[in-house]
Amino acid sequence: AGLWTVFTLGGVGSKPTPQLEQCSPLANQSLLLLLVLANLTDAPDTPNPYRQAITSFKNTQDSTAFSSSNPHAFQINFNSLYTALCEQQKSDQATLLLYMLLHQNSNVRTYVLARTDIENLV
């Protein structure tokens, strides 16, 4: 954490914010790993499976049947994801994940734009 504060221009001796102290270090490192894996470049013969999974997952509460030809497709509860992103909005990693989801996953983008409490996220 001390090295990270130096890189983020916090300098030596500055304290991390209380919100970042409450965040689980394992969750933080997992999110960083997910971001790195999803942003790896595609090989000429095979696309990045992590990017495919991020761009194609769907809502578990969606009424349409879940059938996808994509082997990396999965479902997640968008309400839980939205709540977690709102709670971690001051985290750089969560902001990068939100940015990636809004730009690359049309299901997430549609869900977020349909929310009436979008000011919690902004």
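Within any chain, residue numbers begin from 1 and follow the written order of that chain's sequence. Predicted model: local features are reported for residues with pLDDT of at least 70 only, side-chain atom pairs are reported and counted for 80 or more only, and whole-chain, interface and lining totals are derived from all residues. Side-chain descriptors were evaluated using all non-hydrogen atoms of the structure, hydrogens and water having been removed beforehand.

Engineer: I would appreciate a short explanation of empty space enclosed by the protein in the present structure.
Structural biologist: Regions of empty space are outlined by a rolling probe, equal in size to a water molecule, passed over the atoms. Buriedness for pockets is judged along seven lines, at least five of which must meet protein on both sides within 12 Å for an open set on the 1 Å grid over protein atoms alone, while cavities are sets there where a 1.4 Å probe fits but cannot get out, and lining residues have an atom within 4 Å of a point. Grid points are joined across faces, edges and corners, and a volume is the space filled by probe spheres set on the points. Inspection of every chain in the model, using the stated rule, returns one cavity of 30 Å³ or more. Quantified by volume, the largest cavity comes out at close to 50 Å³. Along the walls of the largest cavity sit Phe78, Leu81, Tyr82, Leu85, Leu98, Val108, Tyr111 and Val112, which together make up its complete lining. Among the secondary structure elements, those contributing two or more residues to the lining of the largest cavity are helix H5 (78–87) and helix H7 (106–114). Helix and strand assignments follow DSSP, with helices taken as H or I runs no shorter than four residues and strands as E runs no shorter than two, numbered in order from the N terminus. Ranked by residues supplied to the lining of the largest cavity, first place goes to H5 with four residues. Residue classes in the lining of the largest cavity are distributed as eight nonpolar, no polar and no charged. Put simply, Ala, Val, Leu, Ile, Met, Phe, Trp, Tyr, Cys and Pro go in the nonpolar bin, Asp, Glu, Lys and Arg in the charged bin, and everything else, Gly too, in the polar bin.

Engineer: In this structure, what is going on with H7? I would like to understand it.
Structural biologist: In an α-helix, one turn spans 3.6 residues, which is why side chains three or four residues apart end up on the same side. Every buried residue of H7 is accounted for by Val108, Tyr111 and Val112. Along the long axis of H7, the arc covered by the buried residues comes to 95 degrees, so they all point the same way. Across from the buried face of H7, at angles greater than 90 degrees, the exposed residues are Thr110, Leu113 and Ala114. Throughout, a contact is declared for two residues whenever any of their heavy atoms are within 4.5 Å. Each element contacted by the buried residues of H7 is listed here: strand S1 (58–59), H5 and helix H6 (92–104). For H7, the N-terminal cap is Asn105; the gap from its side-chain oxygen to the backbone nitrogen of Asn107 is 2.9 Å. Here's how the labels work: a residue is buried when its accessible area is under 20% of the maximum for its type, exposed when over 50%, partly exposed in between, all with a 1.4 Å probe on protein chains only. Note: the arc covers the axis-to-C-beta directions of the helix. Each polar contact in these results corresponds to two N or O atoms within 3.5 Å; when the atoms are within protein, one needs to be able to donate a hydrogen and the other to accept it, and residues that are neighboring in sequence are counted only if both atoms are side-chain atoms.

Engineer: What should I look at first to understand H5 in this one?
Structural biologist: When we look at burial in H5, the residues that qualify are Phe78, Leu81, Tyr82, Leu85 and Cys86. One side of H5 carries all its buried residues, which in axial view fall inside an arc of 135 degrees. Along its buried surface, H5 packs onto S1, strand S2 (75–76), H6 and H7. For H5, the capping residue at the N-terminal end is Asn77, with a side-chain oxygen 2.9 Å from the backbone nitrogen of Asn79.

Engineer: Which parts of the structure should I look at to understand the environment of Ile76?
Structural biologist: Looking at the secondary structure, you find Ile76 in strand S2. Contact partners of Ile76, with chain neighbours within four places excluded, come to Phe57, Lys58, Asn59 and Thr60.

Engineer: Would you take a moment to explain the pattern of salt bridges for this structure?
Structural biologist: A side chain of one charge can pair with a side chain of the opposite charge when the charged atoms of the two come close. When a carboxyl oxygen of Asp or Glu is within 4 Å of a side-chain nitrogen of Lys or Arg, the pair counts as a salt bridge. Applying the stated criterion across every chain yields a total of two salt bridges. Residue Asp117 pairs with Arg115 through a salt bridge whose shortest N-O separation is 3.0 Å.

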